[in-house]
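# A closer look at the structure
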Amino acid sequence: MTVLAALNGYYGRLADRGEVPPFGYSTERIAHIIVLSPDGELLEILPWQSLSGKKAEPRPAAVPQSFKRPGTTPRSFFLWDNGKFVLGLGLDKATRQRVAHPGNHAAFQDLHRRLLDGTEDAGLVALLRFLDGWSADRFDACGFTDAMLDQNFMFMLDGDRNDRGEPRFLHDRPAARRIWERAVAAGAGEEGLCLVTGTRQPIARLHPAIKGVMDAQSSGASIVSFNNDAFISYGKEQGLNAPVSEAAAFGYGAALNALLARGSGNRLTIGDATTVFWADTSGGEESARKAEMLFHSLIMPPAEDADEAQAIRNALLPVSQGLAVREIAPELDERTRFYVLGLSPNIARLSVRFWLEDSFAEIAKRVGLHWRDLQIEPSPWRTAPAVWMLLRETAPLGKTENIAPQLAGEVMRAILTGARYPRSLLAAVITRMRAGDPVNGVKAAICRACLNRDSRLGSKKTEEIPVSLNRDEANPAYRLGRLFAVLEGAQRAALGDVNASIRDRYFGAASATPASVFPMLLRNSNHHLAVLRKGDKPRLGGWFEGEIGQILGGLDSGFPRSLRIEDQGRFAIGYYHQRYSGKAAASAEPAGTTEQTVSED
């Protein structure tokens, strides 16, 4: 199923629950209600806001559909808009001073006088009278403030209530709905075969604006749009190049905007990719909701409840080895179809980073396999690792904004499809370690996951890299990583804290060109071992000497001149295993100083 078809199907599910507006309407953030008397007098300005923490935020409301407003000709929305259109005033972006916008207000007046011509509805007549009597000179006297001008307004007739006793806005009055339905029908394009539904319907020339994608335009961006002559095919312009009906375009846009809305439980932000996900109801509404909740916990384990997150991880690991999902979630139909869409900004458009459709059972199995590939001891996390936690290890200074573009989408695609992790993931982690970042358990786990998956999916099968310290592992790179950790431990035990340890100075060179570094490190270690033997730690000195001998005894061919990037990953894993496992960690590290914790955002 295509992205647009799946989203259009999801719109039907949301419409059945009353969570999306009907065709021709959109959910917009409205801040204020202008209350009018039957004579068109402005009686009061009511806030339409909700508290978000200590700050009041505009509330969403279903209003006549918005659209993109490119170019210089003002185009107004019906029965709602911002201060430039409703009042003819706005704030200058640079000076934040009040500025008149007569052209925008004229567009608002012209639209409503044209559409409402001849109406006898009391509320709509009141709006026309308000427009006739409005002047920007009345702004302060009517109770408006400059802070309102960049926000959206809608209207209501004083005392108007619906059947439930709630305020009824002008656009909800039956007369207004009929007028808007006629306007939508009159603006429909020529008929054609819709590529989403397979039926002949009016084709959308412009597709809806999608809001809520991180770093995209706040006014919305498009998934489907054509704005250059190079995109014209057989003389067809704009949306006629990819015919999607007005109804289907509205449906997929409303569904995607609902998924991306604030507070949506179906949205995640991973690197530069904003990810949304949903399930169909072929297995029932309860099964679909359970699948969505479980997927969110799989990709973003609940940091505030470590026990719950660990329980989810422990349950999913057997699934990766063939256990049926129903064994851990009996109410979940494992045949439930599941959809995952990753979006990133691309100027005025949106790029699809990844798109996946599969049964939830298969997706859960692949996520469990991802966790199994990441297993390493001692464990660097209390819970299953969130994807952002892994990506942060690739970024300079550990800042998420420094994550390489496209890497998040590539990693998510690898997790959800079971394919190889991107080559750039291993390279980025190796680069950070060589640049001086701590060689922690998360980086070592990423190296192990990349190498194990490459081995499993490659043409040449090799043994899986061990989860914990393996003293019998013969791989030279792994043994060299262990040796480096032992030499560092000997230095620390003999000299205590120093300004720059051998890890600070030589880790990058030792992991890339061992032959140029290790002979010198071994010579220096003789001094460290002598200090231990002659001081108050002779047994510890003997232990380090025995470890060095055991590791060197397995290096039959001596020190390699260079190591490939895969072997640099094995070097890091060997270093981590030796550094934080067994007697070396217990003897050489003061209690509570092992680098095994990862801070959570």
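Residues numbered from 1 in each chain as written. Predicted model: local features only at pLDDT ≥ 70, side-chain atom pairs only at ≥ 80, totals over all residues. Heavy atoms only, no water.

### Focus on the overall build of the chain
Quick note on the threshold: Helix and strand definitions here come from DSSP, where helices need a minimum of 4 consecutive H or I residues and strands a minimum of 2 consecutive E residues; each element is numbered from the N-terminal end. Atoms counted for the radius of gyration: C-alpha only. Globule rule: 2.2 Å times the number of residues to the power 0.38. Using a 1.4 Å probe on the protein chains alone, a residue whose accessible area is under 20% of its type maximum counts as buried, one over 50% counts as exposed, and one in between counts as partly exposed. Residue contacts follow a heavy-atom distance rule, with two residues in contact if any of their heavy atoms lie within 4.5 Å. Values of accessible area rely on a 1.4 Å probe in the Shrake-Rupley scheme; residue burial ignores everything except the protein chains shown. For this count, His and the chain ends are skipped, Lys and Arg are scored as positive, and Asp and Glu as negative. By convention, the charge on Lys lies at NZ, on Arg at CZ, on Asp at CG and on Glu at CD.
Along the backbone of the chain there are 19 helices and 16 strands. The C-alpha radius of gyration computed for the chain amounts to 31 Å, which surpasses the reference 25 Å derived for 601 residues by more than 25%, pointing to a less compact arrangement than a globule. Counting only C-alpha atoms and orienting by the principal axes, one finds that the chain spans roughly 105 × 50 × 50 Å. Taken across its 601 residues, the chain has 51% of its residues classed as buried. Contacts spanning at least 24 positions in sequence make up 68% of the contacts within the chain whose residues lie at least 6 apart. Taken as a whole, the chain presents about 27700 Å² of accessible surface, with 49% of it coming from carbon and sulfur. Here the chain carries 71 positive and 70 negative side-chain charges, and the mean point of each set is 6 Å from the other.

### Concerning the sheet that holds strand E14 (residues 273–279)
To keep it simple, the criterion reads: Whether two strands pair comes down to DSSP finding at least two bridges between them. Note on geometry: axes are C-alpha line fits, over the in-contact stretch for helices, and angles between N-to-C directions span 0 to 180 degrees.
Read across the sheet, four strands follow the order E13-E14-E15-E16 without closing on themselves; strand pairing throughout is antiparallel. Each of the sheet's edge strands pairs with one partner strand only, and the pair in question is strand E13 (267–270) and strand E16 (349–359). Each neighbouring strand pair of the sheet contributes to a mean axis angle of 20°, computed without reference to strand direction. Note that strand E15 (residues 337–346) and E16 share ten bridges and pair antiparallel. Note that in E16 the partner of Gly342 across the bridge is Phe354.

### Topic: the layout of surface pockets
The cut-off we apply is this: Grid spacing is 1 Å over the protein atoms alone, the probe is 1.4 Å, and a cavity is where that probe fits but cannot get out, while a pocket is an open set with protein on both sides within 12 Å along at least five of seven lines and lining residues have an atom within 4 Å of a point. Grid points are joined across faces, edges and corners, and a volume is the space filled by probe spheres set on the points.
Within this model, the second largest pocket holds a volume of roughly 960 Å³. Lining the second largest pocket are 37 residues, and of these Phe67, Arg75, Trp180, Val184 and Gly187 sit closest to its centre. Sorting the residues of the lining of the second largest pocket by element identifies helix H3 (102–115), helix H5 (174–186), strand E12 (200–202) and helix H6 (246–260) as the ones contributing at least two each.

### Observations concerning empty space enclosed by the protein
Counted according to the given criterion, the structure contains four cavities of 30 Å³ or more. Every residue along the wall of the largest cavity is listed here: His370, Leu374, Leu390, Leu391, Val411, Tyr421, Leu425, Ile446, Ala449 and Cys450. Within the residue set of the lining of the largest cavity, elements represented by two or more residues are helix H9 (360–374), helix H10 (387–392) and helix H13 (441–457). Broken down by element, the lining of the largest cavity gets its largest block of residues, three residues, from H13.

### Looking at helix H4 (residues 122–133)
Here is the rule: A helix is expected to span 1.5 Å multiplied by its residue count minus one. Polar contact criterion, stated in full: a pair of N or O atoms within 3.5 Å, where within protein one must be able to donate a hydrogen and the other to accept it, and residues adjacent in sequence count only if both atoms are side-chain atoms.
For H4, which comprises twelve residues, the first-to-last C-alpha distance of 17 Å matches the rise-based estimate of 16 Å (1.5 Å per residue) to within 8%. Residues Gly123, Leu124, Ala126, Leu127, Leu128, Phe130 and Leu131 constitute the buried set of H4. As for H4, its buried residues are in contact with strand E2 (32–36), strand E3 (42–47), H3, strand E9 (152–161) and H5. The N-cap residue of H4 is Asp121: its side-chain oxygen and the backbone nitrogen of Gly123 are 3.1 Å apart.

### Section: the side chain of Asn440
Relative to the assigned elements, Asn440 resides in the loop between helix H12 (423–434) and H13. Judged by relative accessible area, Asn440 falls into the buried class, the value being 13%. A distance of 2.9 Å separates a polar side-chain atom of Asn440 from the backbone nitrogen of Lys443.

### Let's talk about unusual backbone geometry
A cis amide bond links Glu377 with the next residue in sequence, Pro378, at an omega value of -5°. Locating Pro378 in the fold gives a position in the loop between H9 and H10. Notably, Leu79 is not glycine yet its phi reads approximately 70°, a positive angle. Tracing the sequence through the fold places Leu79 in the loop between strand E5 (55–64) and strand E6 (80–82). Judged by its relative accessible area of 0%, Leu79 falls in the buried class.

### Overview of the pattern of salt bridges
The line we're drawing: Just to be clear on terms, a salt bridge is a Lys or Arg side-chain nitrogen sitting within 4 Å of an Asp or Glu carboxyl oxygen.
Across all of its chains, the model carries 38 salt bridges by this definition. Where Asp140 meets Arg98, a salt bridge forms, and the shortest distance between an N and an O atom there is 3.3 Å. Here the residue Asp140 occupies a position in the loop between H4 and E9, and Arg98 occupies one in strand E8 (residues 98–100), the gap between them amounting to 42 residues. For Asp140, a relative accessible area of 51% gives the class exposed.

### Section: helix H16 (residues 518–534)
Its 17 residues place the ends of H16 24 Å apart at the C-alpha level, agreeing with the 24 Å of an ideal helix rising 1.5 Å per residue. Turning to H16, its buried residues number three or more, namely Phe518, Leu521, Leu522, Ser525, His528, Leu529, Ala530 and Leu532. Looking at the buried side of H16, the elements it contacts are helix H14 (476–495), helix H15 (502–512), helix H17 (538–553) and helix H18 (565–580).

### A look at the packing of H13 against H18
Rules: Any angle between 65 and 115 degrees counts as roughly perpendicular, while under 35 counts as roughly parallel, over 145 as roughly antiparallel, and the rest as oblique. A crossing counts as left-handed when the near helix is turned anticlockwise from the far one by less than a right angle, and as right-handed when that turn is clockwise. Each residue gets one of three labels, nonpolar for Ala, Val, Leu, Ile, Met, Phe, Trp, Tyr, Cys and Pro, charged for Asp, Glu, Lys and Arg, and polar for the others, Gly among them.
Direction vectors running N to C along H13 and H18 enclose 135°, while the axes themselves pass 9 Å from each other. The angle between H13 and H18 falls in the class oblique. Like other packed secondary-structure pairs, H13 and H18 cross with a definite hand, here left-handed. Across from Gly441, Ala444, Cys447, Arg448 and Leu451 in H13, the residues of H18 making contact are Glu566, Gly569, Arg570, Ala572, Ile573 and Tyr576. In terms of residue class, the contact of H13 with H18 is made up of six nonpolar, two polar and three charged.

### A few points about the packing of aromatic side chains
Put simply, the rule reads: Under the pairing criterion, centres of Phe, Tyr and Trp rings, with the six-membered ring standing for Trp, must be within 6.5 Å; the plane angle then separates stacked pairs below 30 degrees from edge-to-face pairs above 60, leaving the rest tilted. Sitting over a ring, as applied to charges here, requires NZ of Lys or CZ of Arg to be within 6 Å of the ring centre and within 35 degrees of the ring normal.
By the definition in use, this model includes 30 aromatic pairs. Measuring from ring centre to ring centre gives 5.4 Å for Phe23 and Phe250, while their planes differ by 70°; the resulting arrangement is edge-to-face. Separated by 227 residues along the polypeptide, Phe23 in the loop between helix H1 (3–16) and strand E1 (25–30) and Phe250 in helix H6 bring together distant segments of the chain. A centroid spacing of 5.8 Å and a plane angle of 80° characterise the contact between Trp134 and Phe144, whose relative ring orientation is edge-to-face. With Trp134 in the loop between H4 and E9 and Phe144 in the loop between H4 and E9, the pair connects residues that are ten residues apart, well separated along the chain. Put simply, the rings of Phe108, Phe130, Trp134, Phe139, Phe144, Phe153 and Phe155 touch in pairs and so form one group of aromatic residues. Over the aromatic face of Phe77 sits the side chain of Arg69, whose NZ or CZ is 3.8 Å from the ring centroid.

### A short note on the side chain of Ser66
Tracing the backbone through its elements, the reader meets Ser66 in the loop between E5 and E6. At a separation of 2.6 Å, a polar atom in the side chain of Ser66 contacts the side chain of Glu28. For Ser66, the contacting residues outside a window of four places in its chain are Ser26, Glu28, Phe77, Trp80 and Lys211.

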